[in-house]
Amino acid sequence: MNIIVNGLIFSYNSTPVLNKVHLEAKSGEILSIVGPNGSGKSTMLKCLNRLLRPSEGSILCDGKNIHDFNANTLAKNIGLVPQSEGRPFPSTVFETILAGRKPHMKWRPSQQDKEKVASVINDLGLSSIALRDIHKLSGGQRQKVYIGRALAQEPQVLLLDEPTTSLDLKHQIEVLEMIRRLTSIGVTSIMAIHDLNLAATYSDKIVMLNKGKVVAAGGVEVLNPQTINEVYGVDVEIIKSRKRHIIVPI
Amino acid sequence: MKELSKKEDILSLYEKHTNRHTSFIFIVLALSAFFVLVGVSLGSSHIPLSKVADVIIHKSSETASLIVWNIRLPRVLGAFICGCGIAVSGAAMQSLLRNPLGSPYTLGLSSAAAFGAAFAIIVLNAGSLQSSSSDAVIINNPYIVTLCSFAFCCVATFVIILLARIKGATPETMILAGIALGSLFSAASSALQYFADEVELASVVFWTFGDIGRISWSRLGIIAAVVIPVCIYFIYNSWNYQVMDAGDETAKSLGINVERCRMEGMLVASLAVATVVSFVGIIGFIGLVVPHLVRRINGGYEPGLIPSTILFGGLFLLISDIVARNIISPTVLPVGVLTSFLGAPLFIYLLLKGRGYW
């Protein structure tokens, strides 16, 4: 599904958080939104998922404005992987992922819904912990469960809010590889991410935000010493090694 | 082929897991049926357990039959239905407010009901003091008291819903509004009691002790007509609550209209509580403790939790009422006093024993 965001303006109590943001992601692409804390990355994702309503501008999914979708159609098309969730009561991995079938169920899950969840759990390698309470999982496992729920949702667009934060190196790679596999079957992924090196390695497109404005957009060349210095106030150098674009602070 | 068997394994493991809920429901149902018979059998006039079924089936003009049909059966069934209504409202409120402390009373509903009763008794002169073997005080116009307490429960609910509409239906808004309203109604009750004479005061105090003995067949009919559809509503919506447990943003991203679901659910739960409380008085702790007990036994899966809580709540109040009637026989203890006595230590036990999730 192609996503086009045009001239998006969003303010919290007249303080602009997003200012005329424009971005485009094509079907099967990974688009990373980078930028310092408070630059508007999470707000951007919330607008894309209609959790926040921008005051101006449009968000088009394959040419249709997302504000014309009903809640269920939107949920069938756009999935959200949150950074974390505060769940007050216990829930097993299976039941958490089964919640992803909600937009497809009537008042309760069908046998097909359960089968879909079983195959997602199998694909993600979570079968040994399928009935464990998600409060008892490690951060990496829990992140996988949230991704699993979004997969069970079978969306065309996946929004990920800092999917690698608080994960160890192995899980960071695992999660991003998983996202890459998904895009290979045509899912568009848009993620807010802090780690510029991971963004450089895994993204097809990078949009850099600063104070609600797009500072730079494009391929990995966006992450150059000049822009990074301008946005983060940090001097870096770029090392090219094995076709990788590595950003090292100096 | 290997992958298929793995998927089937996960599915069958899950089916086994959900069977726990089904078994739990059947066990509670069987126990409830048994305790209905026990409840009918025990009392100041003992009817042997072996005879109870016979007396229930063959209605006659014998004393035993009259006692069973006029006093014991409506009381026993009333305890069960009231327990179902209070417990399911507690479970729903905990999920809707995403707060383990949610209960029919967190929203100030009991204070509102108590104020309504005090208002009817003191201002509308609906109470008087009489002596009888079972009750120290008889309220001489019970329907006015019931209507008033129901009306004030509704007032409390509507104020909360109104505030939620203005400020957004977040759990915090609703809980804080409920606490504020609860204090306001308690203060108003105290003020009324200050001006009451001693007979009225005794009636008010008596009313606040929840007592199933006030239930007759016609009242049972009204309570059941509200509680049963409420239970069906919550079972039907249990999947929405399962998703809402994950948080408002996740629930919205899964297509749920969170604000509407929360408002509607709170309104329905309040209706059940208002109906039960206005007929039988305040029965504490069931709404709070029963859902936690069920979560402890079966986990937090809402579509399993809600039906289990309904039945377990019924069983809990049924047994409590049997104990309350017989523990210091011939004096009948109001069941509200007993549930508070049982509920508080039980809650502390759950707290210490590893709730594991708060």
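Residues numbered from 1 in each chain as written. Chains lettered and ligands numbered in written order. Predicted model: local features only at pLDDT ≥ 70, side-chain atom pairs only at ≥ 80, totals over all residues. Heavy atoms only, no water.

### So, the sheet that holds strand β3 (residues 30-34) of chain A
Residues and elements named next belong to chain A. In space, the 6 strands of this open sheet follow the order β6-β7-β8-β3-β9-β10, with mixed pairing throughout. Two strands lie at the open edges of the sheet, namely β6 (78-81) and β10 (213-218), each paired on one side alone. Recorded for the sheet is a direction-independent mean angle of 15 degrees between the axes of neighbouring strands. Inspection of the sheet shows β6 paired to strand β7 (residues 157-161) by 4 bridges, in the parallel sense. (Pairing = 2+ DSSP bridges. Helix = DSSP H or I, 4+ residues; strand = E, 2+ residues; numbered from the N terminus. Axes fitted to C-alpha atoms, helices over the stretch in contact; angles between N-to-C directions.)

### Comments concerning the pattern of salt bridges
Here the structure, examined in full by the defined rule, presents 15 salt bridges over all chains. Taking the shortest distance from any N to any O, the salt bridge between B:Glu249 and A:Lys46 comes out at 3.2 Å. On the criterion of chain membership, the pair formed by B:Glu249 in helix α10 (residues 248-253) and A:Lys46 in helix α1 (residues 41-48) is interchain, its members lying in two chains. Measuring nitrogen to oxygen at the nearest pair gives 2.9 Å for the salt bridge that ties B:Arg262 to B:Asp248. Pair noted here: B:Arg262 is in helix α11 (residues 258-280) and B:Asp248 is in helix α10, with a separation of 14 residues, a long-range link. Salt bridges here are not isolated pairs; linked through shared partners, they connect A:Arg101, A:Asp113, A:Lys116 and A:Glu154. (Salt bridge = Lys/Arg side-chain N within 4 Å of Asp/Glu carboxyl O.)

### Remarks on the pairing of strand β8 (residues 188-192) of chain A
Residues and elements named next belong to chain A. Within β8, 5 of the 5 residues are buried, which leaves it mostly tucked inside the rest of the structure. Neither face of β8 is exposed, since Thr188, Ile190 and Ala192 on one face and Ser189 and Met191 on the opposite face are all buried. Pairing of β3 with β8 involves 4 bridges; the strand directions are parallel. Considered in β8, the bridge of leucine 31 is made with isoleucine 190. Looking at chain direction, β7 and β8 are connected through 5 bridges and run parallel. Of the residues in β8, the one forming a bridge with valine 157 is threonine 188. (Buried < 20%, exposed > 50% of the residue type's maximum accessible area, 1.4 Å probe, protein only.)

### Considerations on the interface of chain B and chain A
Counting residues at the interface gives 37 residues for chain B and 41 residues for chain A. Of the roughly 3,400 Å² buried where chain B meets chain A, counting both sides, 65% is carbon and sulfur surface. Broken down by element, the side of chain B that touches chain A gets its largest block of residues, 9 residues, from helix α1 (residues 2-41) of chain B. (Contact = heavy atoms within 4.5 Å. Buried area = accessible area lost by both parts, 1.4 Å probe.)

### Things to note about the environment of A:Ala199
Mapped onto the elements, A:Ala199 comes out in helix α7 (residues 196-202). The contacts of A:Ala199, once residues within four sequence positions are left out, are A:Ser32, A:Val34, A:Ile193 and A:Ile206.

### Overview of the sheet that holds strand β4 (residues 56-61) of chain A
Residue and element names in this part refer to chain A. With respect to topology, 4 strands assemble into an open sheet ordered β2-β1-β4-β5, the strand pairing being antiparallel. Edge positions in the sheet fall to β2 (15-25) and β5 (64-65), since each has one partner strand and no second. Examined bridge by bridge, β4 and β5 share 2 bridges and lie antiparallel to one another. Its bridge partner being in β5, leucine 60 is matched across the sheet by asparagine 65. Its contacts with the sheet place α1 against β1 (3-12), β2 and β4, and it is angled at close to 115 degrees to β1.

### Remarks on the side chain of A:Gln153
On the secondary structure map, A:Gln153 appears in the loop between α5 (139-152) and β7. Residues contacting A:Gln153, with those up to four places away along its chain left out, are A:Ala75, A:Lys76, A:Ile78, A:Gly79, A:Leu80, A:Gly100, A:Pro103, A:His104, B:Ser253 and B:Leu254.

### Section: the confidence of the model for chain B
Confidence in the prediction of chain B, expressed as mean pLDDT, is 86, and 93% of residues score 70 or more. Low pLDDT (under 50) marks residues 129-136 of chain B, which in the prediction has 12 contacts with non-local residues, meaning those over four places away or in another chain. (pLDDT = per-residue confidence, 0-100.)

### Quick look at the pairing of strand β9 (residues 205-210) of chain A
Residue and element names in this part refer to chain A. The element β9 is largely enclosed, with a buried count of 5 among its 6 residues. Pairing of β3 with β9, which is carried by 4 bridges, proceeds in the parallel orientation. Bridge pairing links serine 32 to isoleucine 206 in β9. Sheet topology note: the β9/β10 ladder contains 5 bridges and is antiparallel. Bridge pairing in β10 links asparagine 210 to lysine 213.

### Quick word on the nonpolar core
Generally speaking, soluble globular proteins have nonpolar side chains that are buried together. Of all hydrophobic cores here, the largest spans 163 residues; its most connected members are A:Phe94, A:Ile97, A:Ile121, A:Leu223, B:Trp207 and B:Phe234. Looking at this core element by element, the count peaks at 14 residues for helix α3 (residues 63-96) of chain B. Apart from residues no more than four positions distant in its own chain, A:Ile121 is found in contact with A:Val93, A:Phe94, A:Ile97, A:Leu126, A:Ser127, A:Ala130 and B:Ile10. In this structure, A:Leu23, A:Leu31, A:Ile33 and A:Leu48 belong to the second largest nonpolar core, which totals 31 residues. (Core = buried A, V, L, I, M, F, W, Y, C linked by side-chain atoms within 4.5 Å.)

### Focus on the packing of aromatic side chains
Residue and element names in this part refer to chain B. Applying the stated criterion across every chain yields a total of 15 aromatic pairs over all chains. A ring pair is formed by phenylalanine 24 and phenylalanine 312, whose centres lie 5.8 Å apart and whose planes are at 50 degrees; its orientation type is tilted. Remark: phenylalanine 312 occurs in helix α13 (residues 302-326) and phenylalanine 24 occurs in helix α1; sequence separation between them is 288 residues. Taking the centre distance of 6.1 Å and the plane angle of 35 degrees together, the rings of phenylalanine 115 and phenylalanine 119 count as tilted. Of this pair, phenylalanine 115 and phenylalanine 119 are both found in helix α4 (residues 109-123), 4 residues apart, which corresponds to roughly one turn of the helix. (Phe/Tyr/Trp six-rings, centres within 6.5 Å; stacked < 30°, edge-to-face > 60°.)

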